[in-house]
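Understanding the architecture of this molecule
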Amino acid sequence: MSATACHLDLTRLEKVRHVGTRIVARCPACAEDGGDRGGHHLAILPSGRFACAACPGDSAHRRRVFALVGVSRACERDPEQDRRWRDGRARERLAEQDRRRLVDAARARRAAIIARHPWDPADVWEDSPQRIDCDLVESDPRHFLDALFPSDAVLWTGEVHESGQAGRHAGRWRTCREWCSASAGERVGPMVAPAIWQPGTVSRAAANVAAAPFTVLDFDGFDGAKPETPEQLCSHLAASLALIRWLREGLCWQLAAILWTGGKSLHAWFHSPAPAVLESLRITAGALGLDAGLIGRPEHPCRMPGHRHANTGNLSRVRWLQLPQPVEIALDMRPFPNGPKQLSLPHEATE
Ligand SMILES: [Zn+2]
């Protein structure tokens, strides 16, 4: 019994006292039947071995003693495991410090990033690979899908609630080609998820996502404050465009589209970066004025172009759009060779 001998919990014994080199106490197994009231039966040797004077050599009785007052967890401890646990905790604390530093840096340098990367709406228009000069490019949801997704990708479009019932919602999942050739009477949107789905999907659950080629950033207001006045809205949109430009030029993120929702926010569609890069953005999202809820959640619906905003009545419009990609690029989930880079603001912001 040496593995267990040293680990009786003295605080759970009665009448504990030292007698010479031994500890003597009431035997808890005998005590269960009301025995050993005087507290003479249990003897614990300096080695930790223990015995009941009333039941010498009775291993079942010893096991009962251990079951009542033994400390088995302590017995299993080994110093190597303890060291690994302490190291793990130290690593977690350092990672937490890094995260806090990143968030503080993002908040502190946001204004400087915005000041250094102004992107005038006229320049955004000029820079767009597809000219935003007709309704087709600016506000046709079919054209939007065609520019972003491979033609055989299974996509969901619809109202937020149109998901989950095979009978009623199966038709909201179609290939990009099918959505693009939908007749004028068929509704494409108003929302789309930036995900490619497994064939046969009828529920917009994360488990049904086959690929997440895009990460959509929703610039919905800084520090929890939504822009209210026209001036606030104007400076909010300018700041959003500056941050999009910084991600694209400073950190080499691959922009796919910019959409104005018709209300107070811009959505930037980026080709999804590597998971570690995405995580660095998720951590700093709040400090950068982004809705963190969409980051790494490709199943969440986003507004499509050509639909009226419920509050303002404005049509959602494309502001920047990539050319359709060859299928092997559109589906390439590997990090790009020259980026996108992780956010590490103290360095990037000074570039
Ligand atoms: Zn006993």
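On a predicted model such as this, the values are computed, not experimentally measured, just so you know. (Residues numbered from 1 in each chain as written. Predicted model: local features only at pLDDT ≥ 70, side-chain atom pairs only at ≥ 80, totals over all residues.)

Overall, antiparallel pairing links the 4 strands, which are arranged S1-S2-S3-S4 in an open sheet. Because the sheet does not close on itself, it has two edges, and the strands there are strand S1 (17-19) and strand S4 (50-52). Strand-to-strand twist of the sheet, defined as the mean angle between neighbouring strand axes without regard to direction, takes the value 30°. The pairing of S1 with strand S2 (residues 22-25) spans 3 bridges and is antiparallel. (Pairing = 2+ DSSP bridges. Helix = DSSP H or I, 4+ residues; strand = E, 2+ residues; numbered from the N terminus. Axes fitted to C-alpha atoms, helices over the stretch in contact; angles between N-to-C directions.)

This paragraph deals with the nonpolar core. Among the nonpolar cores identified, the biggest contains 54 residues, and Leu 155, Leu 243, Ala 257 and Phe 270 are the most heavily contacted of them. With near-sequence residues (within four places) excluded, Phe 270 lies in contact with Phe 214, Thr 215, Leu 217, Leu 247, Trp 253, Gln 254, Leu 255 and Ala 256. Ranked by size, the runner-up nonpolar core spans 15 residues in total, among them Leu 13, Cys 52, Val 65 and Phe 66. (Core = buried A, V, L, I, M, F, W, Y, C linked by C-beta atoms within 7 Å. Buried ≥ 20, exposed ≤ 12 C-beta atoms within 10 Å, placed from the backbone. Contact = placed C-beta atoms within 7 Å.)

Moving on, we get to the environment of Leu 68. With respect to the helices and strands, Leu 68 occurs in helix H3 (residues 59-69). Separated by 40 residues in sequence, Leu 68 and Pro 28 place their C-alpha atoms 6.8 Å apart. Setting aside residues no more than four positions away along its own chain, Leu 68 makes contact with Pro 28 and Ala 29.

For helix H12 (residues 275-288), built from 14 residues, the straight-helix expectation of 20 Å at 1.5 Å per residue is met to within 8% by its first-to-last C-alpha distance of 19 Å. Of all the bends in H12, the largest measures some 35° and sits at Arg 282. Buried residues of H12: Val 277, Ser 280, Leu 281, Thr 284, Ala 285, Ala 287 and Leu 288, and no others. On its buried face, H12 is in contact with helix H5 (79-116) and helix H11 (230-250). Trailing H12 by a residue or two, Gly 289 shows a phi angle of about 85°, which is positive. (Expected span 1.5 Å × (residues − 1). Bend = angle between axes of the 7 residues up to and from the residue.)

Another aspect to go through is the confidence of the model for the chain. Here the chain averages 87 in pLDDT, and 90% of its residues register 70 or above. Low confidence marks residues 333-337, where pLDDT is under 50. Its contacts with residues over four positions away, or in another chain, come to 4 contacts. (pLDDT = per-residue confidence, 0-100.)

The next thing to look at is the sheet that holds strand S6 (residues 173-175). The sheet built from 4 strands is open, its strands ordered S6-S5-S7-S13 with antiparallel pairing. Two strands lie at the open edges of the sheet, namely S6 and strand S13 (302-303), each paired on one side alone. Where strand S5 (residues 154-158) lies against S6, 3 bridges are found, and the strand directions are antiparallel. Its bridge partner lying in S6, Leu 155 is registered against Arg 174.

Attention shifts here to the environment of Pro 121. Here Pro 121 lies in helix H6 (residues 121-127). What makes Pro 121 partly exposed here is the crowd of 13 C-beta atoms within 10 Å. For the pair Pro 121 and Leu 241, spaced 120 residues apart in sequence, the C-alpha separation works out to 8.1 Å.

Turning our eyes to something else, we now look at the packing of H5 against H12. Viewed as axis vectors pointing N to C, H5 and H12 meet at an angle of 40°, and their least axial separation amounts to 9 Å. With respect to H12, the element H5 is oriented oblique. Handedness of the H5/H12 crossing: right-handed. When H5 is examined against H12, the residues Arg 99, Leu 102, Val 103, Ala 106, Arg 107 and Arg 110 are found in contact with a partner set consisting of Ser 280, Ile 283, Thr 284, Ala 287 and Leu 288. Considered class by class, the residues forming the contact of H5 with H12 number 6 nonpolar, 2 polar and 3 charged. (Parallel < 35°, antiparallel > 145°, perpendicular 65-115°, else oblique. Left-handed = near helix turned anticlockwise from the far one by under 90°. Nonpolar A, V, L, I, M, F, W, Y, C, P; charged D, E, K, R; others polar.)

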